[in-house]
Amino acid sequence: VDPSDEDDDAPGGTEHTHHPTDGSDADEQLILHVEFQEFVKVHSVKFTEFNSGRDPSESPTLIKLYINRCNMGFEDVEDVDPTQVIELTAADLKEDADPIKLQFVKFQRVRSITFFVEENDGGDVSAMGGLKLFGRTVATTNMKDFKAQG
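Residues numbered from 1 in each chain as written. Predicted model: local features only at pLDDT ≥ 70, side-chain atom pairs only at ≥ 80, totals over all residues. Heavy atoms only, no water.

Novice: For the overall build of the protein, give the residues involved together with the corresponding values.
Specialist: Per the secondary structure count, the protein includes 0 helices and 7 strands. Reading the protein from its N terminus to its C terminus gives the helix and strand order β-β-β-β-β-β-β. Counting across all 150 residues of the protein, residues that qualify as buried make up 41%. Considering only residue pairs separated by 6 or more positions, the protein has 83% of its internal contacts joining residues 24 or more positions apart. Carbon together with sulfur atoms contributes 45% to the accessible area of the protein, which is approximately 9,000 Å² in total. (Helix = DSSP H or I, 4+ residues; strand = E, 2+ residues; numbered from the N terminus. Buried < 20%, exposed > 50% of the residue type's maximum accessible area, 1.4 Å probe, protein only. Contact = heavy atoms within 4.5 Å. Areas by Shrake-Rupley, 256 points an atom, 1.4 Å probe, with all protein chains shown as cover.)

Shown next, in the form of structure tokens:
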């Protein structure tokens, strides 16, 4: 989430958009890892369908989110409990659909989010048209701003 991307229409202030151009290349499972330059609070996420929904079987239906996990691979997703699981419908992926609210308390200090698309709507591969994250940066204290007392 980049504070320079302020969007007055975004709930809560800041919106970060990622437009994946490729889908998975071997099966329906797909991992997308997003890192931030600083800690952020993320309150909702918006997925959009690939290619205006021309092949709905490629649309993700089950996505697991993991926060602050670096280097997660397909071999790790079975061993680590997800921070949140999202089940998507075709309506959720429409451009005009509302963003999906995340579990507020679990997304207060996020440095990275890994999205694991576990299932799609029956296609051989999975594809997303877009991903938007809504939230804001976490106010941090710069210790250099403190002056010694005494």
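Novice: Account for the packing of aromatic side chains, with residues named and values stated.
Specialist: Evaluated as defined, the whole model comprises 2 aromatic pairs. Ring geometry for phenylalanine 47 versus phenylalanine 115: centroids 6.0 Å apart, planes at 90°, classification edge-to-face. Of this pair, phenylalanine 47 sits in strand β2 (residues 30–49) while phenylalanine 115 sits in strand β6 (residues 110–120), placing them 68 residues apart in sequence. Their ring planes at 70° and their centres at 6.2 Å tell us that phenylalanine 74 and phenylalanine 116 sit as a pair that is edge-to-face. With phenylalanine 74 in the loop between β3 (60–67) and β4 (84–87) and phenylalanine 116 in strand β6, the pair connects residues that are 42 residues apart, well separated along the chain. The lysine or arginine in question, arginine 109, covers the ring of phenylalanine 39, its NZ or CZ lying 4.0 Å from the ring centre. (Phe/Tyr/Trp six-rings, centres within 6.5 Å; stacked < 30°, edge-to-face > 60°. Lys NZ or Arg CZ within 6 Å of the ring centre and 35° of its normal.)

Novice: Could you give an account of the environment of phenylalanine 116, with specific residues and numbers?
Specialist: Take phenylalanine 116: its relative accessible area is 1%, and that puts it in the buried class. The sequence separation of phenylalanine 116 and glycine 73 amounts to 43 residues, and the corresponding C-alpha distance is 9.2 Å.

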